[in-house]
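# Summary of the model geometry
Here is how the chains run, residue by residue.
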Amino acid sequence: MIQANETTFRLDTANSTYLFRKTKYGHLEHIYYGTLLADFDDVDVLAQKRTIQVGSSVLYDESDSVYSLDSICLEWSDNGRGDYRQSPTELKMPDGSFVSDFIYVGYKIVENCVTMKTLPTAYGEAETLIVTLKDTTNELYVDLYYSVFAEANVITRRAVLRNETDVMITIRRMMSMALDLPDENFQMYTLDGGWIKEANIHKHPISYGIVTNSSTTGASSNRHNPAFLLAEANANEEYGNVYAFNLVYSGNHYSAVEKNERDYVRILMGINPHCFDWKLASKEQFETPECVMTYSNRGLNGMSHQFHNFINNNIVRGNWKKKERPILLNNWEAHFFDFNEHKLLQLAKQAKELGVELFVLDDGWFGERNTDKAGLGDYTVNTKKLPQGMKAFASKIKALGLDFGLWFEPEMVNSDSELYRAHPDYAVKLPSKQAVLGRNQFVLDLCQEEVRDYIVKQVGSILDEANISYVKWDMNRHIAEAFSTAIENQGEFYHRYIIGLYEVLERIFCPRPHILLESCSSGGNRFDLGMLCFSPQIWSSDDTDPIERLKIQAGLSYFYPLSTMGAHVSQSPHQQTLRDTPLATRFHVASFGCLGYELDLKYLSPEEKKDITEQIAFYKQYRNVFQYGKFSRMKTYKSNKVMWQCISEDRKTALTGLFQTLATAAESSDKLNVTGLEKGKYAVHTRPQRLYIERFGGLMKHVLPVELNPDGMILHVANRHYSLRDCIESYICSDNALRAGIPLCEQFIGTGYNEKIRMLGDFGSNLYIAEKINEED
Ligand code: DGJ
């Protein structure tokens, strides 16, 4: 709910209040962002008291000794009027200076969200407050948009700059929002990494000075995801104040958190000013991406739940919104570029037998794409690999009872391609320098209309020709040498590229709403809310090692729901880490996401095939809970444990994964903790899982009647056809007992073996199902 009058603006969500007011000079003073206030709470009581002049301050008005912009919490601030903190703007004004002073001229409230011409926005039931500010001496306006998503406990903010002067001005920085909060000894959490190590969470204490979180690669990047949070000093997963921020944008982003000497913390978020320079002609406006904010007093999990619901309800759109995602098999790691129709059909047939629903043909099906050095840009089917073309191949996959999905990398071109030979001018490069390449490829210049049209036509025609229900949209290099022949001012390149990308995605996928789009950028190099407006799920990382995924998926889970995370079971030892992990753990980790398989099934033993068949059946049974349930990162008191939980919407089912990273000797017992269940009686049991006997090597002699060579043929053959059941526990108990934690069976510590010992070792895991039982039962 929004309550506003000419001086005070109060934005309430279900559990939070955001409050600001106009000062006597017309600046917007931020008063409060936190737990929902009472109706009678008064703005003067909550406002910072300014009763003494701060030394060495620049006064806004000589007659007012306590009004210095530098020591006021503001909603928007300018350069050159006495506020020395980072400003949300840097505008080259008509007089050539960088001095601006935007003050209040009016407001309006509108039902719903207000869409933008150039960028995607959140949508759904909301109210929007638009406060207009005007520069004191120029006809330049800033409209501040605040959309209140009451149920979601989310407020979004963005700013639009309107040039009503007669001259062109230059924008060197235009943030989406600025917000000043009193410090709570904040810790800033960011998601950082690189290829195959995306989204690892890092904490930075907010001390005096500036901490930034930004990307310059042309995409939201795997280096620093745009999302971040500020948690009060002692906050943990369950308790404490947490403020979180994200940006509906896929390009270069920038956030700064600055603590000044008055202990105010300024938060800025928006497009990265790096290499940014935008000419705003008279009567034009500039739209900034939407910033999404949430506040929770229930710790990090409380914040995550709010963002998860918001993304599922107000960001992801179209036919796949809230819809269960298919279990897919992707052929990339099975074949790379080396496949033909026979190999593909064999793989698809085996996948179908295991219960897979969607077969995805990855890179290598078109042009001369037999290595990563050629073919990108030429989306004509390689008939050596698929002799009868894509339509016929898709029908064969369909005939097996599988849906069919296809990979594209439409934003890129190899120099060894028909497209590049015909249109070298389509590639992003400088006329004057030797090009720098990434993965042997150029970026296509999406600032050019002709290039956008080409992509829309090429991709669209394949999609229409074959029966395609899923697309993987890849993007495998960072942008360099940002330069387009289509624009005069190269400072506009990065942003215009992203506007072009959104246009292309919209033109291809809006007319084909049945297609499930999974975006990808060498894994999670473009995992952001902008892409989620078009693709309901994103390939989280090329790294499918489950132990690495514990970090990657946990990191993402702070800000993104499990329904958005592509997660696959792949071969072991792992392709990038060489780590050998149990199949059960690979499945348990991938099941906390949109499950897929990515390995050559022909090398599976009969026992592994049974195992995967059971995994898929299990996932189908609980798919909705895994993808759309309430996900929490559970506390564990041991550093070698990770515990994740998903609770069903009706709060009657809980799925808990308990993961052991490295085993320690003679380890004490573990506890299963489940929170958030409805009151009542619960049946709890372990998901049955297989133990492959080869894993135990020479130890097998302790449980077998005969001694076998641990390295011999008999054990090897037996391993393919026979496995042991790991310890299955089953209990009846209350939700309260589960909340307190029920002690689990001991794990193996070398003193014996029986069926009540959990065989974890390094990288072992268990998955527990708790389901409510009728009191009469
Ligand atoms: C990078 C992606 O992340 C992989 O999954 C795969 O699609 C390759 N590109 C194909 O080139």
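Here the structure is a predicted model, which means the values were calculated and not measured.

## Structural notes on the side chain of Thr23
- Tracing the backbone through its elements, the reader meets Thr23 in the loop between β3 (16–22) and β4 (28–35).
- Within the local environment of Thr23, its side chain forms a polar contact with the side chain of Tyr67, the two groups lying 2.6 Å apart.
- Excluding residues that lie within four positions of it along the chain, Thr23 makes contacts with Glu29 and Tyr67.

## Regarding the domain arrangement of the chain
- Structurally, the chain comprises domain 1 (2–62 + 70–315), domain 2 (318–634) and domain 3 (641–689 + 726–772).
- Taken over C-alpha atoms, the centre of domain 1 sits 34 Å from the centre of domain 2.
- Every contact between the two is made by 57 residues of domain 1 and, on the other side, 48 residues of domain 2.
- For the domain 1 and domain 2 pair, buried surface summed over both sides reaches about 4,400 Å², with 57% attributable to carbon and sulfur atoms.
- Considering only the surface of domain 1 that becomes buried against domain 2, Trp278, His308 and Asn312 emerge as the three largest contributors, covering 13% of it.
- Across the domain 1-domain 2 interface, the total number found is one salt bridge.
- Note that Glu237 is salt-bridged to Arg633, the shortest N-O span being 2.9 Å.
- Here domain 1 is connected to domain 2 by 31 residue pairs in polar contact (both at pLDDT 80 or more).
- Elements that contribute at least two residues to the side of domain 1 that touches domain 2 include exactly β11 (187–192), β12 (200–205), β14 (224–231), β15 (242–247), β18 (278–280), β19 (285–287) and α2 (299–315).
- The element best represented in the side of domain 1 that touches domain 2 is α2, accounting for eleven residues.
- Here the side of domain 1 that touches domain 2 is composed, by residue class, of 29 nonpolar, 20 polar and eight charged.

## Comments concerning the pairing of strand β8 (residues 140–149)
- Within β8, ten of the ten residues are buried, which leaves the element mostly enclosed by the surrounding structure.
- Burial along β8 is two-sided: the face carrying Leu140, Val142, Leu144, Tyr146 and Val148 and the face carrying Tyr141, Asp143, Tyr145, Ser147 and Phe149 are both buried.
- The pairing of strand β7 (residues 127–135) with β8 spans eight bridges and is antiparallel. Opposite Ile130, over in β8, you have Tyr145 as the bridge partner.

## A word on helix α11 (residues 583–591)
- Among the nine residues of α11, nine are classified as buried, and the element is accordingly described as predominantly covered.
- Within α11, burial applies to Leu583, Ala584, Thr585, Arg586, Phe587, His588, Val589, Ala590 and Ser591.

## Details of the side chain of Arg21
- Of note, Arg21 is situated in strand β3.
- Judged by relative accessible area, which is 16%, Arg21 ranks as buried.
- At 2.8 Å, the side chain of Arg21 and the side chain of Asp44 are in polar contact.
- Apart from the residues within four sequence positions on either side, Arg21 is in contact with Thr7, Thr8, Phe9, His27, Leu28, Glu29, Ile31, Val43, Asp44 and Ala47.

## Digging into the sheet that holds strand β29 (residues 565–570)
- Pairing is parallel in the closed barrel, where eight strands are placed in the order β21-β22-β23-β26-β27-β28-β29-β30. Sheet twist, expressed as the average angle between the axes of neighbouring strands with direction ignored, equals 30 degrees.
- The pairing of strand β22 (residues 358–361) with strand β23 (residues 403–408) spans four bridges and is classified as parallel. Residue Leu361 lies in a different strand from β23, and its bridge partner there is Leu406.
- Against the sheet, helix α8 (residues 493–509) makes contact with β26 (470–473) and β27 (516–519), and its axis sits at roughly 165 degrees relative to β26, the strand it touches most.

## Overview of the site of the ligand
- Surrounding the ligand, one finds 13 residues, the nearest of these being Asp362, Asp363, Lys472, Asp474 and Asp542.
- Between the ligand and Asp362 there is a distance of 2.7 Å, counted from an oxygen atom to a side-chain nitrogen or oxygen.
- Between Asp542 and the ligand, the recorded distance is 2.4 Å, taken from a side-chain N or O atom to an oxygen atom.
- For the ligand, whose accessible area on its own is 290 Å², the fraction buried by protein is 97%.

## Focus on the packing of aromatic side chains
- All chains considered together, the criterion is met by 47 aromatic pairs.
- An angle of 80 degrees between the planes, with centres 5.5 Å apart, marks the rings of Phe393 and Phe404 as edge-to-face. Of the two residues, Phe393 sits in helix α5 (residues 389–399) while Phe404 sits in strand β23, which places them eleven residues apart along the sequence.
- Note on Phe404: relative accessible area 0%, which makes it buried.
- Among the aromatic residues, those joined into a ring-pair cluster are Phe9, Tyr18, Phe20, Tyr33, Tyr104, Tyr107, Tyr146, Phe186, Tyr243 and Tyr295.
- Taking NZ or CZ as reference, Lys259 lies 4.5 Å from the ring centre of Tyr208, over its face.
- One cation-aromatic arrangement involves Arg633 over Tyr558; the distance from NZ or CZ to the ring centre is 3.6 Å.

## Considerations on a nonpolar patch on the surface
- The grouping of Leu699, Val703, Phe748 and Tyr753 at the surface amounts to a nonpolar patch, some 320 Å² of accessible area in total.
- On the secondary structure map, Tyr753 appears in the loop between β39 (742–743) and β40 (765–772).

## Looking at the sheet that holds strand β31 (residues 630–634)
- Spatial strand order, β31-β32-β33-β40-β35-β38: six strands in an open sheet with antiparallel pairing. Edge positions in the sheet fall to β31 and β38 (730–734), since each of these pairs with one other strand and no more. Within the sheet, the average angular offset between the axes of one strand and its neighbour, ignoring direction, is 20 degrees.
- When strand β35 (residues 681–686) meets β40, the two strands line up antiparallel, connected through five bridges.

## What about the nonpolar core?
- Core analysis: the biggest nonpolar cluster contains 194 residues, and Leu161 and Trp365 have the highest contact counts within it.
- The dominant element in this core, judged by the number of residues it contributes, is α8, at eleven residues.
- Met634, Ile647, Leu672 and Tyr682 belong to the second largest nonpolar core, which has 16 residues in total.

Basis of the calculations
- Residues numbered from 1 in each chain as written.
- Predicted model: local features only at pLDDT ≥ 70, side-chain atom pairs only at ≥ 80, totals over all residues.
- Heavy atoms only, no water.
- Helix = DSSP H or I, 4+ residues; strand = E, 2+ residues; numbered from the N terminus.
- Polar contact = N/O pair within 3.5 Å; in protein donor to acceptor, adjacent residues only side chain to side chain.
- Contact = heavy atoms within 4.5 Å.
- Domains from an automatic or database assignment.
- Buried area = accessible area lost by both parts, 1.4 Å probe.
- Salt bridge = Lys/Arg side-chain N within 4 Å of Asp/Glu carboxyl O.
- Nonpolar A, V, L, I, M, F, W, Y, C, P; charged D, E, K, R; others polar.
- Buried < 20%, exposed > 50% of the residue type's maximum accessible area, 1.4 Å probe, protein only.
- Pairing = 2+ DSSP bridges.
- Axes fitted to C-alpha atoms, helices over the stretch in contact; angles between N-to-C directions.
- Near = heavy atom within 4 Å.
- Areas by Shrake-Rupley, 256 points an atom, 1.4 Å probe, with all protein chains shown as cover.
- Phe/Tyr/Trp six-rings, centres within 6.5 Å; stacked < 30°, edge-to-face > 60°.
- Lys NZ or Arg CZ within 6 Å of the ring centre and 35° of its normal.
- Patch = residues over 30% accessible without salt bridge, like charges linked within 9 Å, V, L, I, M, F, W, Y side chains within 5 Å.
- Core = buried A, V, L, I, M, F, W, Y, C linked by side-chain atoms within 4.5 Å.

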